[in-house]
Amino acid sequence: MFGKFARYLHGRVYIKVQGNETTRFINEAIKENIKFYNGKKLSDGFTAEIETKDFKNLRKAAKAAGVRFSARAKYGFPFVALRWQRRKGLIAGFFIIAAGLIILSQFVLSISLEGNSRITDEQILAEAEKAGLKTWVLKSKLDMDSMSKQIQDNMTDLAWVTMEKRGTNIRIRVVEKTLPKKVIFQGDLIAAKTAYVEDVIVIQGNALVKEGDTVKAGQVLIKAAGGMTEYSFDVSGDSTVKKSNVDAPAAKGFVRGRVWYSAEKKVPLEEDQVVKTDKDADGWGIKLNNRVIMITNESSPYAEAVAETYTYTWHIWRNWRFPVELIKVHYDETKKVHIVRTESEAKKLAETLAREELKLKLPSDAKILNDAIRILPSDSGAARIRVEIETFEELAVYKQ
């Protein structure tokens, strides 16, 4: 951690050297006490990092060796300071904005609700205001637990209330008491997928398939006798179940059978991949309307990298937000690697990828009967594997 900070403080220049006398160039540079870091050999030269103070001293070594060098990227505090020397007004404005944000961050600027459907936002916010929660109140003066309990006690339709701070926003999460509901099962039982039927148990309705049949997805397995059966229960805690026949029973029963799944993957013995190294860097800036001003690392400090941008916004009131946003750009250095696998390694990787795909398809309660791996013919320089799994599972579902 300290070494990374020291590199940023002193600054680094990423250089590319081209020519036939690179060895002599390095020797001449060493005579000038220039140190190279993270060097990489190229077909016509090399790339490396040097400290900022050593960049101007490379000219003498390059002239003596007859090579060319160029700066590919610059990284560190010296370049940030140089860039911001010409933006003193902007720096002052940034610190004024930062001071304003620090002051505003001490207050509640917005209140959000989550979990309510029957109870309106206005009702909950009115109770919250009675408890002492409203905008432009100092967050340090709020007792979240006591306010949550007061709202819950005053609103009998709420089973649970909690509050949490999210910057300048207070989020109120509620759980409403559940009223007795009615659940209705009606219609035919159909096949969820193509399968071979082994067990048929009919509780209500007429079976349209028998053991030994092959069924397709969507095919009717048990036909409803007509009408429906209605079940009602109190999900708020009363375990008493009431049942009333409206007309005639709907289809009920179990149909179980064998289902087959397969996944096929092909993995080359040789391939080029772009992978991340263990080096990364962050660039910070501010966004005003559509203009982005980077304070540190205006561009990637690496020759090859992937960048991810994160935006931090301050919500002041409901849908209105502070016009200045904080921008973070995270750079991960990447490099191209040539991967060579043996045939057995390629087969193992292909099998692993195929099994990962099958995991997404298999039901959690399915019983695996057979698991087979088949080696398929493939082009030269690749391995092709198919994994086949046979399961025993429930097939009957109600049509949605």
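Residues numbered from 1 in each chain as written. Predicted model: local features only at pLDDT ≥ 70, side-chain atom pairs only at ≥ 80, totals over all residues. Heavy atoms only, no water.

Caption draft 1: Structural view of the overall build of the chain. In terms of regular secondary structure, the chain is built from eight helices and 25 strands. Residues classed as buried in the chain amount to 32% of the 400 residues present. A separation of at least 24 residues holds for 68% of the contacts in the chain among residues at least 6 apart in sequence. Taken as a whole, the chain presents about 24,900 Å² of accessible surface, with 52% of it coming from carbon and sulfur. (Helix = DSSP H or I, 4+ residues; strand = E, 2+ residues; numbered from the N terminus. Buried < 20%, exposed > 50% of the residue type's maximum accessible area, 1.4 Å probe, protein only. Contact = heavy atoms within 4.5 Å. Areas by Shrake-Rupley, 256 points an atom, 1.4 Å probe, with all protein chains shown as cover.)

Caption draft 2: Representation of helix H3 (residues 58-65) within the structure. Among all positions in H3, only Leu58, Ala61, Ala62 and Ala65 are buried. Buried residues of H3, seen end-on, are gathered within an arc of 100° and therefore sit on one face of the element. The outward face of H3, more than 90 degrees from its buried face, is lined by the exposed residues Arg59, Lys60 and Lys63. Tucked inside the fold, the buried residues of H3 contact strand S1 (12-18), helix H2 (22-31), strand S3 (45-51) and strand S4 (68-75). Two residues or fewer past H3, glycine 66 is found with a positive phi of approximately 70°. (Arc of directions from axis to C-beta.)

Caption draft 3: Geometry of the packing of aromatic side chains. Summed over all chains, the structure comprises six aromatic pairs. Their ring planes at 80° and their centres at 6.1 Å tell us that tyrosine 14 and tyrosine 302 sit as a pair that is edge-to-face. Of this pair, tyrosine 14 sits in strand S1 while tyrosine 302 is found in the loop between strand S18 (291-294) and strand S19 (305-312), placing the two residues 288 residues apart along the sequence. No difference in accessibility class separates tyrosine 14 from tyrosine 302, as the two residues are buried. Site record: aromatic cluster; members linked through ring pairs are Phe25, Phe36 and Phe46. Above the face of the tyrosine 37 ring, arginine 12 is positioned so that its terminal group lies 4.0 Å from the ring centre. Over the ring of tyrosine 310 we find lysine 328; its NZ or CZ atom is 5.6 Å from the centre of that ring. (Phe/Tyr/Trp six-rings, centres within 6.5 Å; stacked < 30°, edge-to-face > 60°. Lys NZ or Arg CZ within 6 Å of the ring centre and 35° of its normal.)

Caption draft 4: A look at the environment of tryptophan 260. Tracing the backbone through its elements, the reader meets tryptophan 260 in strand S16 (residues 252-268). Along the backbone, tryptophan 260 and phenylalanine 392 are 132 residues apart, and their C-alpha atoms lie at a distance of 9.1 Å.

Caption draft 5: Geometry of the pairing of strand S10 (residues 195-204). Bridge count between S10 and strand S12 (residues 214-215): two bridges; the pairing is antiparallel. Residue tyrosine 196 lies in a different strand from S12, and its bridge partner there is threonine 214. Of the strand pairs in this sheet, S10 and S16 are connected by seven bridges, and their pairing is antiparallel. Bridge pairing in S16 places valine 197 opposite glycine 257. (Pairing = 2+ DSSP bridges.)

Caption draft 6: Looking closely at the sheet that holds strand S5 (residues 110-114). Strand order in the open sheet formed by three strands is S5-S7-S6, and the pairing between neighbours is mixed. With partners counted over all chains shown, the strands left at the sheet margins are S5 and strand S6 (158-166), one partner each. When the angles between neighbouring strand axes are averaged without regard to direction, this sheet yields 20°. Of the strand pairs in this sheet, S6 and strand S7 (residues 169-176) are connected by eight bridges, and their pairing is antiparallel. Looking at S7, one finds that leucine 158 is bridged to glutamate 176. Across the sheet, helix H6 (residues 121-131) lies against S5 and S7, angled at about 125° from S5, the strand it touches most. (Axes fitted to C-alpha atoms, helices over the stretch in contact; angles between N-to-C directions.)

Read these as spatial facts, not as claims about activity.
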